[in-house]
Amino acid sequence: MADFRSRLPVNVPIALVAVIVASGLVRVLMQHWREGAALIGGAMLVAAVLRMVLPDDRVGLLAIRSKAIDVLCYSGFGVMMIVLAVTITRGLQLAT
């Protein structure tokens, strides 16, 4: 049990990102895909901020590559998801 407690703070950043992504997926499943996509993009931005501010030994599973590449990829994908969620409009409605 003590070993689990010592590892818990390292897993908190990825758990926070996972909770935000899960809430985004719930919104998508509830037919609110724009809000869900924006939440998932926001989760990527949170991951970028956490990767930038946390030291390498506390960042846990958010560390995949070097810090600069991780922050660049997380923030790039996050911004791209949010921009797509905001700018994509519904398809043309057929006249009835």
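Structural data are supplied above this passage.
Residues numbered from 1 in each chain as written. Predicted model: local features only at pLDDT ≥ 70, side-chain atom pairs only at ≥ 80, totals over all residues. Heavy atoms only, no water.

**Student:** Give me the lowdown on the overall build of the protein chain, citing residues and values where you can.
**Tutor:** Helices and strands together make up the secondary structure of the protein chain, namely 3 helices and 0 strands. Counting all 96 residues of the protein chain, 21% fall into the buried class. Partitioning the contacts of the protein chain with sequence separation of at least 6, the portion at a separation of at least 24 is 56%. Accessible area of the protein chain: about 6,700 Å², with a carbon and sulfur share of 73%. (Helix = DSSP H or I, 4+ residues; strand = E, 2+ residues; numbered from the N terminus. Buried < 20%, exposed > 50% of the residue type's maximum accessible area, 1.4 Å probe, protein only. Contact = heavy atoms within 4.5 Å. Areas by Shrake-Rupley, 256 points an atom, 1.4 Å probe, with all protein chains shown as cover.)

**Student:** Give a description of a nonpolar patch on the surface that names residues and reports values.
**Tutor:** On the surface, V28, W33, F77, M80, L84 and I88 cluster together into a nonpolar patch covering about 520 Å² of accessible area. When residues in the nonpolar patch are grouped by element, the largest group, 3 residues, is from helix α3 (residues 67-87). Positionally, M80 belongs in helix α3. Residue M80 is classed as partly exposed on the basis of its relative accessible area, which comes to 43%. (Patch = residues over 30% accessible without salt bridge, like charges linked within 9 Å, V, L, I, M, F, W, Y side chains within 5 Å. Salt bridge = Lys/Arg side-chain N within 4 Å of Asp/Glu carboxyl O.)

**Student:** Describe α3, with residues and values.
**Tutor:** Helix length check: α3 (21 residues) gives 30 Å between terminal C-alpha atoms against 30 Å at 1.5 Å per residue, within 8%. Buried residues of α3: D70, V71, Y74, G78 and A85, and no others. Taken down its axis, α3 places every buried residue within 95 degrees of arc, on the same side. In α3, those exposed residues whose orientation departs by more than 90 degrees from the buried face are A68 and L72. Elements in contact with the buried residues of α3: α2 (33-53). (Expected span 1.5 Å × (residues − 1). Arc of directions from axis to C-beta.)

**Student:** Explain α2 residue by residue, including any values.
**Tutor:** Here α2 spans 30 Å end to end across 21 residues, near enough to the 30 Å set by a 1.5 Å rise per residue. Every buried residue of α2 is listed here: G36, A37, I40, G41, A43, A47, A48, L50 and R51.

Everything listed is a geometric property; what it means functionally is a separate question.
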